[in-house]
Structures are given as structure tokens and as C-alpha cells.
Amino acid sequence: MIGLTLLLCPSCGIFLQNSAIKNVQFDFDKPSDFNKWNKWQKDFYYLKEAVHRSFPEIEDQYPRSKQDSIWNVLVNSISNKPKPIDFQIACSKYLFHFQNAHTWSWTKGLEFNTYYPYHIYPIEESWYLLNLSTEYDSSFIGKKLKSIGNHSIDSVYQILKVMEQAENDFCLRHETKKWFRYPDYLYKLGINMRDSVRLVFADESFLWVKEHSNKEKVDYLQPFGITRNHFTKRSDEIYTFKIAKDSNICYFQYNACYDSLEIEEGLKDYVKPWLRPMARYFVRKQFKKQKPNSMLRQYVNFEEPVFANFLEKMISEMETQNVENLIIDLRANNGGSLFTNLQLLYHLTDQEGLNHFDEKIYTSYVYRTVFNRDYDKISGAFRKKHKRSIPEDTLVLKSSLIELPLFETINNSNSAYYLPKSRKRFQGNVFVLFGPKTYSAGALLATLFKDHNLGITIGTRVSNSAIGATNYTPFKLPRTKTKCSSSSTILIRPDTTAGHLLEPDVWVEPSLKGILNGEDEAFDYILERINQ
């Protein structure tokens, strides 16, 4: 055994071995007082320089002059014996201005020691108490919040939102909701709440909630998080389906865009070349075990480890039972591979001339190092067309060099994702559900459905913009070992006239009543539409 821990990198990425992951290292001119800084300040400077060298069109999004003024304030905030939480807050406040879900950091050693045993939830422009530990009166559940401590709920949100890097206001509110629970962050961000906190509601009633240690088990009045009806309840499998013959539907829950093939393919980009054979051996050995690595099980359906085989089985059963409606649920899809998504789309259409996302490749040192296979293909095409080397640190439109048919990789018999033209194809009605927990490749799939009119889309906004900086591009800070990512390309949706945000065909946002009653209003909307 190679004895390395499998990790799933946030957003788009693949399982990586902790010691095998590529780590881009940077050289840069150091300021005159660099040697006087502590390790946190030095790594903060490293973070700023690294992101500046990899993020495309950075001056449009976050001008250097603005970066430097904000950074100067934050670097001083971690000058006096900082803790990991101080460093994380400084990094988050700096990266917040990119408003980019693929540009983030997470500090090693960061812990949540205490929390408040409640959950709040945003609906439209308001915040509601969604859950509470059983030691309190259940009559407070569902009440609209007015203030926390001595601060209005909106002012607390404005302070806490700097901890997130969401790409639209709707998703930013949903990403921020978890930070309302952690006293350490509230205190560090200037909201002085310790031991207990006073929640004041719109009807002027109030409730004091005590701080709990992470080591204390707490029972809640409501099921944890948002529950859906029994049929659409979140599955532990990353993809699964079930057929309701009486409703004439197949419900396909697609929670992550991975399979066994994608794991091995991802090693080619993210793992150091000399460690790939060991990483590949480790992964393949796990697939042969009755009880494989628990982290790996979370991202591979071991009953159907090859996604293409799973799709064939699903469509075959739909044909056998004469089911005419397919519901694809992406509301918990945390991303992964766009290629598995293309396999899905290929089973749903016979249109051959569909356009892919276009891409502006930023030919930075970061992109050349991490995505060397794609870079070599693009630089070769550039040399062939222009009779010179591709320039460094320049944005190059991919479609100006390479044709981008949507199913090129799927039609290539040498590709790991190849599907024959004789594949099974579903020809009924397709409905696609998505929302604020639809990330990265899941959000891209939702965009492809919408832009190519391959299904009726229902839900709310997704985490990523349909046009904008993207791509999980990992690196570590040298002294604190903080894990980071910076976007390194710009993705452009097929229908550029539709704008930067992905909007569903039908907006269905969960209501307070629906959440508390365990209803799935978006799913119910589809059933009603089918029965009309």
C-alpha cells in the first residue's frame, strides 16, 4: 500500500493523493520587510501573488490597486500572534472580492470548537429560524428573524458574507447561512456574542440560545437540513434512479459527476507524473475490495462504477416500463467531470451539431503546469496557425484554434468516455432540477440543458456563472500548508445572448411551509405539469 489519504478536492476536481497532488510553486520579488513578517503574513503575500499570476482578466474583476489597499489592511490584522482562524478570515476577506467559487483557501488546523444549536435559512430577502435543539420551545421554529445579539439580521449577513466566494447574491446568502452558527467567527468579525446569544423575531418575541461544545451531542426539533419527500430524499449514492410507473416518471438523482473512469483520468492532470502509477494502483486496488476506502465510496457508485453502463441500464428499464418522463435532479450535485455529463446528454439527443462551452485560456505558468495536456494541445494549434510560439500570460480563445463540437470526446473511439452511435437514447420528456447547491460541473450541465433546449429547467440560481472565470486549479501555501485554488480560465456558455447568470425556465424556490413540512415543491410542480 502507498499509505496515502484519498481526498476529494472541493468543486470540480478529482480524488487526489495528499502527497501526490501537483503543487505549483512560485518565485517572486519580496518586499523589503518580508523577512520581518511571521509565517502567516509571508503566506498571505504568497497567496496574493499566486492568485494574481493565475486568475484571468484580473484587472477587470479586482484591480491591483484595490487588491493592494485591501491586502495592506489585512496583512496587519495577522501581525500579532494570529491563530488559524485569523488567517482564514484574512484570506477570505481578500478572496471575497473575486466573487468566484473556484478561488478560495482553507487553512490547515482550522477547527470549530463551539456552535449555537440552531439553523437559519434565507427565503427571498428575509431570514427564518429553520431548526433548534430540543431543549428549546418548538414554537420558535419558522419565525422570521429580526436581529441576532444587538445586530440586525441583515447587518450580520453583510459582515459574515465575506467568508464566501459565491458568484451571485442568491447563492451567496445560501452559502453564508452556516456562519451564523459559529461564535468564534462572529466574535472575530466584530460581532461580540459569547456563551449565549439573543435571537429577536419579527413579532418581537425573543429567545436566548446557549453556546455548545463540538463534543456535545445535540438533538434537533426538525430533521437536519432541508428534507424532501420520501421519493426525492437525498441518496448516499452519487447517482441512482427509481421509476414510479403510476406517475409515468423515472427520477434520476445525480449528486456528483464522477465514476471509476473519471477518477483515473483525473490523475493525469492533478497528480505528479512520477507518482501516477502508484496512485493508479491504489485506486484500482480499492475498486476490487468489498469495503473500499470510505472517502472513495462517497464518490463512486460501486454497484455501477462506470457511469455509461449505469445510463444504459436506466434507459433500458424506462423502455421496458414505457416511462415517458425523465426527471434529473442536480440540486445536490457538487461537480466533478464535464465528460460524464456529456455522456448523459449524448443519451438524450441525436443532435450532432451542438456547441460546447467556449473557453478563454489564460496561458499562465499555473495553467501550463497543472493542465499541461490541454496546454500542449492549444499551444500546438497556435503554432500551426500563427507560425510562432503561443505568448505567455495571454488570453487565447480556444475556438479560434480548435473546433469545439459538444460530443467530440464522446465520439472519439480512443477516448475513455467514448460511446458508440448505437447507444440507447431516451426520446421522452426531460425535466431538470437545480439550485444553490448545484456546483461547478453540475452547474455547467444545467447550462447545457438550458442553452440547447434539451429539457425543461426548474429551480433557482446555481453556484457558478454561465460566463466567467472558472476551473479548479490547486496549490498550497508553503509555510502554513493552506490549501488554495484559483480560477485559471474563462468559460463562455453556448448561448452568449442569455447572459452571465443561468436562469431556470421555471423559478421554484422552496417556501418556508414546504421546507418545514418536508415537501418538495419543485418536484411537485413537475408532477402537476405531467398530469395536465
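Residues numbered from 1 in each chain as written. Predicted model: local features only at pLDDT ≥ 70, side-chain atom pairs only at ≥ 80, totals over all residues. Heavy atoms only, no water.

Undergrad: Let's hear about the packing of aromatic side chains: which residues, and what values?
TA: Considering all chains together, one arrives at 41 aromatic pairs under this definition. One residue, Arg 198, lies across the ring of Phe 206, its end atom 4.3 Å from the ring centre. The ring centre of Phe 231 lies 4.6 Å from the NZ or CZ of Lys 242, which sits over that ring. (Phe/Tyr/Trp six-rings, centres within 6.5 Å; stacked < 30°, edge-to-face > 60°. Lys NZ or Arg CZ within 6 Å of the ring centre and 35° of its normal.)

Undergrad: Talk me through unusual backbone geometry; I want residue IDs and the actual numbers.
TA: One non-glycine residue, Glu 57, lies in the positive phi region at around 50 degrees. Examined against the element boundaries, Glu 57 turns out to sit in the loop between helix 1 (39-54) and helix 2 (58-61). The backbone of Lys 481 shows a phi angle near 60 degrees, a positive value even though the residue is not glycine. In this fold, Lys 481 is placed in the loop between strand 20 (474-476) and strand 21 (483-485). (Helix = DSSP H or I, 4+ residues; strand = E, 2+ residues; numbered from the N terminus.)

Undergrad: Tell me about the side chain of Ser 487, and name the residues and values.
TA: Within the secondary structure layout, Ser 487 lies in the loop between strand 21 and strand 22 (489-492). We classify Ser 487 as buried; its relative accessible area is 0%. Of the polar contacts made by the side chain of Ser 487, one reaches the backbone nitrogen of Thr 470; its length is 3.3 Å. In contact with Ser 487, other than residues within four places in its own chain, are Ser 54, Phe 55, Pro 56, Asn 100, His 102, Thr 103, Ala 469, Thr 470, Asn 471 and Thr 473. (Buried < 20%, exposed > 50% of the residue type's maximum accessible area, 1.4 Å probe, protein only. Polar contact = N/O pair within 3.5 Å; in protein donor to acceptor, adjacent residues only side chain to side chain. Contact = heavy atoms within 4.5 Å.)

Undergrad: Explain the pattern of salt bridges to me, and be specific about the residues and the numbers.
TA: What the rule picks out here adds up to 26 salt bridges. One salt bridge in this structure joins Asp 350 and Arg 425, with 3.5 Å as the shortest N-O distance. Of this pair, Asp 350 sits in the loop between helix 12 (338-346) and strand 15 (358-362) while Arg 425 sits in the loop between helix 15 (408-411) and strand 17 (429-434), placing them 75 residues apart in sequence. On the basis of relative accessibility, which here comes to 49%, the residue Asp 350 falls in the partly exposed class. Among the charged side chains, a salt-bridge network with shared partners connects Lys 48, Glu 49, Arg 64 and Asp 68. (Salt bridge = Lys/Arg side-chain N within 4 Å of Asp/Glu carboxyl O.)

Undergrad: Any details on the pairing of strand 10 (residues 206-210)? Residues and values, ideally.
TA: Residues Leu 207 and Val 209 line the buried face of strand 10, whereas the alternating positions Phe 206, Trp 208 and Lys 210 sit on a face that is not buried. As paired strands, strand 9 (residues 196-201) and strand 10 are joined by five bridges and run antiparallel to one another. By the bridge assignment, Ser 196 is partnered in strand 10 with Lys 210. (Pairing = 2+ DSSP bridges.)

Undergrad: Can you lay out the sheet that holds strand 23 (residues 506-507) for me, pointing to particular residues and giving the numbers?
TA: Taken in spatial order, the six strands make up an open sheet running 12-13-14-17-18-23, and their pairing is mixed. Each having just a single partner strand, strand 12 (239-244) and strand 23 make up the two edges of the open sheet. Here strand 13 (residues 249-254) pairs with strand 14 (residues 325-329) via five bridges, running parallel. By the bridge assignment, Gln 253 is partnered in strand 14 with Asp 329. Across the face of the sheet, helix 18 (residues 521-531) comes into contact with strand 13, strand 14, strand 17, strand 18 (456-459) and strand 23 while running at roughly 165 degrees to strand 17. (Axes fitted to C-alpha atoms, helices over the stretch in contact; angles between N-to-C directions.)

Undergrad: Explain the packing of helix 3 (residues 64-77) against helix 4 (residues 84-95) residue by residue, including any values.
TA: Their axes nearest at 10 Å, the elements helix 3 and helix 4 cross at an angle of 170 degrees. Taken together, the axes of helix 3 and helix 4 are roughly antiparallel relative to one another. Of the residues in helix 4, those in contact with Gln 67, Trp 71, Leu 74 and Ser 77 of helix 3 are Ala 90, Lys 93 and Tyr 94. Taken together, the residues that form the contact of helix 3 with helix 4 break down as four nonpolar, two polar and one charged. (Parallel < 35°, antiparallel > 145°, perpendicular 65-115°, else oblique. Nonpolar A, V, L, I, M, F, W, Y, C, P; charged D, E, K, R; others polar.)

Undergrad: Any chance you could break down helix 18 for me, citing the residues and the numbers?
TA: Along helix 18, the residues that are buried comprise Ala 522, Phe 523, Ile 526 and Ile 530. In a view along the axis of helix 18, the buried residues occupy a sector of 105 degrees, so they form one face of it. Counted as exposed and oriented over 90 degrees from the buried face of helix 18: Glu 528 and Asn 531. (Arc of directions from axis to C-beta.)

Undergrad: Tell me about the nonpolar core, residues and numbers included.
TA: Formed by 49 residues in total, the largest nonpolar core has its most connected members in Phe 252, Leu 344 and Phe 449. Listed by contribution, the elements that provide at least two residues to this core are strand 12, strand 13, helix 11 (307-320), strand 14, helix 12, strand 17 and helix 16 (440-451). Phe 449 has contacts with Ile 328, Leu 344, Leu 345, Leu 348, Val 430, Val 432, Leu 454, Gly 455 and Thr 457, leaving out every residue within four places of it along the chain. Ranked by size, the runner-up nonpolar core spans 43 residues in total, among them Trp 71, Val 75, Val 366 and Ala 381. (Core = buried A, V, L, I, M, F, W, Y, C linked by side-chain atoms within 4.5 Å.)

Everything listed here is a matter of coordinates, which is why it stays silent on function.
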